[in-house]
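Chain by chain, the residues:
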Amino acid sequence: MKRPGPVLTLLAGLVLGLFLLSLNATTGTKSASSSQVEAPAASTSPSPKASATSSPSPTKTTASPTPSKSAPPNADYAGRTDDDSSAIAVSLRNGKAIAYFCDGHDKESWLKGDVKDDGTMKLTGKNGSELNGTLQGKRIRGTVDLEGQRYGFTADKAVKPSGLYRATATVRGAQVDGGWVVLPGDGRDQVGIVNRDGEPSAAPDIDPETGAVTIDGEQLTAEPVTP
């Protein structure tokens, strides 16, 4: 049997070498491809911006003071009782009041006291007499308790010469004390009493313009009365 020639042996070795070289090249490429792993791009989310405007601090509010009620205005009032038997006048000044009640014959009372901010008043006089009234706009509505009787009354705001008047003096040795209620109008509608040493009687009219009055032949001047 003939052995292959040296040429064939050389060719066979060359082919085998080329095959092995090709195999190594292919394997190297795959290994390189496998080792090159791309790292994913890091995604950086933008951090939220801090609010540019900070919340305002709460404003401290101061409660407005409640306005206090003012005292009733200074004024004079005059009117009659509901039964028309008597007259009454009230003078208000700076939260104080003085009143005069009389029937023009022999029943009278001077009363005084405070006036509250809401216009209510409780005035007291001698022998337990008492006036309870309430200022209602331009009038006073109330009651007078005197000698066991109660009189309802309404006194409207008075403009001079209307209002409350009084005159005191010594006439012919007697102590004279006169009080007058000059009712709203021209000043000629008047109710009054003069006491002579404590003895009451109907009073003569006063001059509504000057207050002049003649008592027992002597001229006196009746002055407006305020608290």
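Our subject is the structure listed above.
All figures in this text were calculated on a predicted structure; none of them were measured in a lab.

**Describing the nonpolar core**
Counting 20 residues, the largest nonpolar core has V90, L92, M121, L131 and I140 as its most contacted members. Setting aside residues no more than four positions away along its own chain, M121 makes contact with V90, L92, D114, V115, L131, N132, G133 and I140.

**As for the pairing of strand β3 (residues 96-102)**
The buried fraction of β3 is high, at six of seven residues. Sheet topology places strand β2 (residues 87-93) next to β3; seven bridges connect them, and they run antiparallel. Among the inter-strand pairings, I88 is bridged to a residue of β3, identified as F101. The hairpin formed by β2 and β3 contains two residues between the paired strands, and N94 there has a positive phi angle of roughly 50°. Of the pairings in the sheet, the one linking β3 to strand β4 (residues 108-114) comprises seven bridges and is antiparallel in character. Following the sheet pairing, A99 is matched in β4 by L111.

**Concerning the packing of aromatic side chains**
A full pass over the atoms with the stated rule returns two aromatic pairs. Seen in terms of ring centroids, F101 and Y151 are 5.1 Å apart; in terms of plane orientation they differ by 50°. Their pairing is tilted. Of this pair, F101 sits in strand β3 while Y151 is found in strand β8 (residues 149-158), placing the two residues 50 residues apart along the sequence. The exposure class assigned to F101 is buried, which follows from its relative accessible area of 0%. Across from the ring centre of W110, 4.0 Å away, lies the NZ or CZ of R166, which sits over that ring.

**Observations regarding the sheet that holds strand β5 (residues 120-125)**
Taken together, the eight strands give a closed barrel; going around it, the order is β1-β2-β3-β4-β5-β6-β7-β8, and neighbouring strands pair in antiparallel fashion. Sheet twist, expressed as the average angle between the axes of neighbouring strands with direction ignored, equals 25°. Of the strand pairs in this sheet, strand β6 (residues 130-136) and strand β7 (residues 139-146) are connected by seven bridges, and their pairing is antiparallel. Within the sheet, the bridge partner assigned to L135 lies in β7 and is I140.

**Focus: the side chain of S129**
Its location among the elements puts S129 in the loop between β5 and β6. By relative accessible area, which is 2% here, S129 ends up buried. Once you skip the residues sitting within four places of it in the chain, S129 turns out to touch S109, L111, L123, T124, D145 and L146.

Criteria and thresholds
- Residues numbered from 1 in each chain as written.
- Predicted model: local features only at pLDDT ≥ 70, side-chain atom pairs only at ≥ 80, totals over all residues.
- Heavy atoms only, no water.
- Core = buried A, V, L, I, M, F, W, Y, C linked by side-chain atoms within 4.5 Å.
- Buried < 20%, exposed > 50% of the residue type's maximum accessible area, 1.4 Å probe, protein only.
- Contact = heavy atoms within 4.5 Å.
- Helix = DSSP H or I, 4+ residues; strand = E, 2+ residues; numbered from the N terminus.
- Pairing = 2+ DSSP bridges.
- Phe/Tyr/Trp six-rings, centres within 6.5 Å; stacked < 30°, edge-to-face > 60°.
- Lys NZ or Arg CZ within 6 Å of the ring centre and 35° of its normal.
- Axes fitted to C-alpha atoms, helices over the stretch in contact; angles between N-to-C directions.

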